[in-house]
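Observations on the model geometry
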Amino acid sequence: MEASFQRPELIDLLEILDTPGHQGVLVLGNPGVGKSVLLQQLETELRRRGRAAFLVSLRDADVADLLALIMNEIAQMVDVSEVEFERTIRASGGDGLRQVIAALNQVTDRLTAPVLLLDGLDEAGYPQRMAAAVEELSHGLDTWTLVLASRLADIEYRRFGRQQVYERVRTETKQITETEKRLRQTVARQKETIAQQRAEIDDLRNQLTTLTPASAVLTDQRPADAPRDAGGGNVLPFPAPR
């Protein structure tokens, strides 16, 4: 992916994640501005650069779902045996959030500069609980970086904004819906058709303007000394060419 084709927010995110000292990034924006798309692009670009990036949607999720959601994504890149995983879970003390932290720290040495992308923080089943859990999660992870996406209207993201280790990135790029895209394409095609029709009409007018005098000349083929009618209509009599 070339930088010239990247959204400004994506470039900002990549620069922040390449700078030491940031434990996480907040991606804030109103509904429909493209936060989810931005995180998808970020995951793709980070992986292209060799980093371990995992995108997890928190929409309608509960804190109890965190472990399964995250590990399902990690399992696609890292082979973690059930025996090893169960041992880690038991050693964590049984608390759900501690299980997540223990599991992520366990696989850290197998991942290159891991980044956890959590989308829809404000759309979780219980946003306040999820925000508190993610805050604890960020404190418990050793070498992970978190990227959180949330709407501006949601106040739960502010707990992260107060931390100096979290950087903010606001996204304002409006994403065009498929319906609007199709409508714009239809309008563009109609404008092109109208322009072609106008060009054809102008061409016909030019042809008629050129043909009218020629028709008048060819109409009158009588000798020059032949009597001529006063004539009427739209064709004027002209002497035949000598």
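Another point: the nonpolar core. By size, the foremost hydrophobic cluster in this structure holds 34 residues, and its most contacted members are Ile70, Ile74, Leu104, Leu116 and Trp144. Listing elements by their share of this core, those giving two or more residues are strand S1 (24-29), strand S2 (53-57), helix H3 (66-74), helix H5 (96-106), strand S3 (115-119), helix H6 (127-140) and strand S4 (145-151). Other than its neighbours up to four places away in sequence, Ile74 contacts Phe54, Leu104, Val107 and Trp144. Ranked by size, the runner-up nonpolar core spans 18 residues in total, among them Leu39, Ala53, Leu117 and Val147.

Let us look at the pattern of salt bridges. Inspection of the entire model under this criterion finds 10 salt bridges. The residue Glu45 makes a salt bridge to Arg48 at a minimum N-O spacing of 2.8 Å. Separated by 3 residues within a single helix, Glu45 and Arg48 lie in helix H2 (residues 35-48), roughly one turn from each other. Judged by relative accessible area, Arg48 falls into the exposed class, the value being 52%.

Moving on to the pairing of S1. With 6 of its 6 residues buried, S1 lies for the most part within the structure. Side-chain alternation along S1 places Gly24, Leu26 and Leu28 on one buried face and Val25, Val27 and Gly29 on a second face that is also buried. With 6 bridges connecting them, S1 and S4 associate as parallel partners. Across the sheet, the residue bridging to Leu28 is Ser150, located in S4.

The next subject is the environment of Lys35. Mapped onto the fold, Lys35 is located in helix H2. On a C-alpha basis, the gap between Lys35 and Gly120 in space is 8.7 Å, while along the polypeptide they are 85 residues apart.

To continue, consider unusual backbone geometry. Note: most residues except glycine have negative phi, and most peptide bonds are trans. One non-glycine residue, Asp60, adopts positive backbone phi at about 65°. On the basis of relative accessibility, which here comes to 70%, the residue Asp60 falls in the exposed class.

Moving on to the packing of helix H1 (residues 8-17) against H2. Running from N to C, H1 and H2 point in directions that differ by 50°, and their axes come no closer than 10 Å. What the angle tells us is that H1 and H2 run oblique. As for the relative orientation of H1 and H2, their crossing is right-handed in sense. Along the contact surface, H1 presents Glu9, Leu10, Leu13, Leu14 and Leu17, while H2 presents Leu38, Gln41, Leu42, Glu45 and Leu46. Here the residues of the contact of H1 with H2 are counted per class, giving 7 nonpolar, 1 polar and 2 charged.

This part is about H6. Between its first and last C-alpha atoms H6 spans 20 Å; for 14 residues at 1.5 Å apiece the expected length is 20 Å, and the two agree. Every buried residue of H6 is listed here: Met130, Ala131, Ala133, Val134, Glu135, Leu137 and Ser138.

Moving on to the side chain of Asp119. With respect to the helices, strands and loops of the structure, Asp119 is situated in strand S3. Not counting residues within four places of it along the chain, the set of residues in contact with Asp119 comprises Ser36, Leu39, Leu55, Val56, Ser57, Leu58, Arg59 and Ala149.

Taken across its 5 residues, S2 has 4 buried, putting it largely inside the fold. Two elements, S2 and S3, share 5 bridges in a ladder whose sense is parallel. Across the sheet, the residue bridging to Phe54 is Leu116, located in S3.

It is the contact of H3 with H5, at a shortest axis distance of 9 Å, that shows an interaxial angle of 20°. With respect to H5, the element H3 is oriented roughly parallel. With respect to the hand of their crossing, H3 and H5 are arranged in left-handed fashion. Contacts between H3 and H5 involve Leu66, Leu67, Ile70, Met71 and Ile74 from the first element and Leu97, Gln99, Val100, Ala103 and Leu104 from the second. Of the residues belonging to the contact of H3 with H5, the class tally is 9 nonpolar, 1 polar and no charged.

Rules used in this analysis
Residues numbered from 1 in each chain as written. Predicted model: local features only at pLDDT ≥ 70, side-chain atom pairs only at ≥ 80, totals over all residues. Heavy atoms only, no water. Core = buried A, V, L, I, M, F, W, Y, C linked by side-chain atoms within 4.5 Å. Buried < 20%, exposed > 50% of the residue type's maximum accessible area, 1.4 Å probe, protein only. Helix = DSSP H or I, 4+ residues; strand = E, 2+ residues; numbered from the N terminus. Contact = heavy atoms within 4.5 Å. Salt bridge = Lys/Arg side-chain N within 4 Å of Asp/Glu carboxyl O. Pairing = 2+ DSSP bridges. Axes fitted to C-alpha atoms, helices over the stretch in contact; angles between N-to-C directions. Parallel < 35°, antiparallel > 145°, perpendicular 65-115°, else oblique. Left-handed = near helix turned anticlockwise from the far one by under 90°. Nonpolar A, V, L, I, M, F, W, Y, C, P; charged D, E, K, R; others polar. Expected span 1.5 Å × (residues − 1).

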